[in-house]
Amino acid sequence: MMGTVTEAGTRVLLDSESHAWLDDLRAEGKRRDEAVARLRALLVRAARFEIARRRPSLPHIRGSELAEIAEEAADDAAVSVLAKLDDFRGASRFTTWAYKFALLEAAVKLRRRAWQGRELPLEPEGWTLVPSRAPGPAETAEQGALLAAIQEGIETALTPRQRTVLVALALNGVPIDVLAERLETTRGALYKTVHDARKKLRTHLTKAGFDLDAFEEGTE
Amino acid sequence: MTPELSSELVRLLGPGEAEFGCDACFAELDRYVELDLAGEDADRIVPGMRAHLRGCPACREEHDSLRALLASEPANPEGRTP
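Model, not experiment: these values are computed from the prediction.

Undergrad: Explain the overall build of chain A here, please?
TA: The helix and strand inventory of chain A stands at nine helices and zero strands. Mapped in sequence order, the helices and strands of chain A form the string α-α-α-α-α-α-α-α-α. The 220 residues of chain A split such that 34% are buried.

Next comes the structure, spelled out in structure tokens:
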């Protein structure tokens, strides 16, 4: 029977396909081996899907290396899925749940590969807000004042760590996984630093008299 | 406001509302995407997800990939979408 996703986020019944996946992966011997092989094939497909989506932005990486990355991502995802089987509660189909591990592994590997050998712009000194262009004609004086206030806030309201992380991620475009690896922390911990930095920056701007809601109406 | 400036403000200031962290986002991602593809009000049912996806480019990419992957598959015999 097909499970139904409820608003509470759980399925009334685990769908039969997901149930079969769990039974097979928890079995022993040949039945389990075959299920693991099917799982790996599923994960390879997801990893290749992710790589194909990113392929246009990775012209410098050879196809054979991308194929290896797909296999490695599927292997790592399979390890995670098998280790976390008890965490699967049926809030989605099993295959959807498994896919996300392969997509994550492939995405992280590709981001790291794209930045391999590149020096990360971690030093906050010398940066300027919006360095790549002159103000456009549609940019009002108030918007220019906002940018100046943001720059001042980054320089004065944030801790050195918050400044380094926010500048690297938001201004210099360093991927969060790449920065997390370089700073020997986790993506979750780094996002918490970003969240706190943004909160301080917003407080700084509000105290300076800016109505952020009015600006953000144009960002939706 | 120019699109470039809007994008810069979002990157710097974040979503400005209650949001998930990356770990909670990953935990809920499969449910959120399935609800969305099924035509449910995923943002109401999984509050905090949309804001995080606006604030975190990496999680947004993974969300977009999962959504695209599921959308590319033919509905299975038991049906996934209404």
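Structure shown, so let's carry the discussion forward.
Undergrad: How should the overall build of chain B be read in this particular structure?
TA: Along the backbone of chain B there are five helices and zero strands. Moving toward the C terminus, one meets the helices and strands of chain B in the order α-α-α-α-α. Counting the 82 residues in chain B, one finds 41% classified as buried. Of the contacts made within chain B by residues no fewer than 6 positions apart, 67% connect residues no fewer than 24 positions apart.

Undergrad: Looking at this model, I keep getting lost on the domain arrangement of chain A. Mind explaining?
TA: Interfaces are often described in size by the accessible area the parts lose on coming together. Parsing chain A into structural domains produces domain 1 (16–114) and domain 2 (141–216). For domain 1 of chain A versus domain 2 of chain A, the distance between C-alpha centres works out to 34 Å.

Undergrad: Which parts of the structure should I look at to understand the nonpolar core?
TA: Residues and elements named next belong to chain A. Within the largest apolar cluster, 70 residues are counted, with the highest numbers of intra-cluster contacts made by Leu-43, Ala-47, Ala-102 and Ala-106. Per-element accounting of this core gives the leading share, twelve residues, to helix H4 (residues 94–114). Two domains each provide a minimum of three residues to this core, namely domain 1 (16–114) and domain 2 (141–216). Contacts of Ala-106, omitting those with residues within four sequence positions, involve Ala-47, Glu-50, Ile-51, Ile-69, Ala-70 and Ala-73.

Undergrad: What is the right way to look at helix H3 (residues 63–83) of chain A in this model?
TA: Because an α-helix packs 3.6 residues into every turn, residues spaced three or four apart end up facing the same way. All names here are of chain A. Given a rise of 1.5 Å per residue, 21 residues ought to cover 30 Å, and the 30 Å separating the end C-alpha atoms of H3 matches this to within 8%. The set of residues buried in H3 consists of Leu-66, Ile-69, Ala-70, Ala-73, Ala-74, Ala-77, Ala-78 and Val-81. As for H3, its buried residues are in contact with helix H2 (29–54) and H4.

Undergrad: Is there a simple way to explain the environment of B:His52 in this structure?
TA: Residue and element names in this part refer to chain B. Secondary-structure assignment places His-52 in helix H4 (residues 49–55). For the pair His-52 and Ala-18, spaced 34 residues apart in sequence, the C-alpha to C-alpha distance is 8.3 Å. Contacts of His-52, omitting those with residues within four sequence positions, involve Glu-19, Phe-20, Cys-25 and Cys-59.

Undergrad: Help me out: how do you make sense of the packing of H3(A) against H4(A) in this one?
TA: Each packed pair of helices is defined by two parameters, the angle between the axes and the distance between the axes. Residue and element names in this part refer to chain A. With their axes 8 Å apart at the nearest point, H3 and H4 run at an angle of 135° to one another. By the angle between their directions, the pair H3 and H4 is classed as oblique. Like other packed secondary-structure pairs, H3 and H4 cross with a definite hand, here right-handed. Of the residues in H4, those touching H3 at Ile-69, Ala-70, Glu-72, Ala-73, Ala-74, Asp-76, Ala-77, Ser-80 and Val-81 are Ala-98, Phe-101, Ala-102, Glu-105, Ala-106, Lys-109, Leu-110 and Arg-113. Taken together, the residues of the contact of H3 with H4 break down into eleven nonpolar, one polar and five charged.

Undergrad: How do you make sense of the packing of helix H2 (residues 22–37) of chain B against helix H5 (residues 57–72) of chain B when you look at a structure like this?
TA: Residues and elements named next belong to chain B. Contact geometry for H2 and H5: axes closest at 10 Å, N-to-C directions at 30°. Classed by the angle they form, the pair H2 and H5 counts as roughly parallel. You can see that H2 and H5 cross each other, and the crossing is right-handed. Note on element contacts: H5 touches H2 through Cys-59, Glu-62, His-63, Leu-66, Arg-67, Leu-70 and Ala-71, opposite Cys-22, Cys-25, Leu-29, Val-33, Asp-36 and Leu-37. For the contact of H2 with H5, the per-class residue count stands at nine nonpolar, one polar and three charged.

Parameters at a glance
Residues numbered from 1 in each chain as written. Chains lettered and ligands numbered in written order. Predicted model: local features only at pLDDT ≥ 70, side-chain atom pairs only at ≥ 80, totals over all residues. Helix = DSSP H or I, 4+ residues; strand = E, 2+ residues; numbered from the N terminus. Buried ≥ 20, exposed ≤ 12 C-beta atoms within 10 Å, placed from the backbone. Contact = placed C-beta atoms within 7 Å. Domains from an automatic or database assignment. Core = buried A, V, L, I, M, F, W, Y, C linked by C-beta atoms within 7 Å. Expected span 1.5 Å × (residues − 1). Axes fitted to C-alpha atoms, helices over the stretch in contact; angles between N-to-C directions. Parallel < 35°, antiparallel > 145°, perpendicular 65-115°, else oblique. Left-handed = near helix turned anticlockwise from the far one by under 90°. Nonpolar A, V, L, I, M, F, W, Y, C, P; charged D, E, K, R; others polar.

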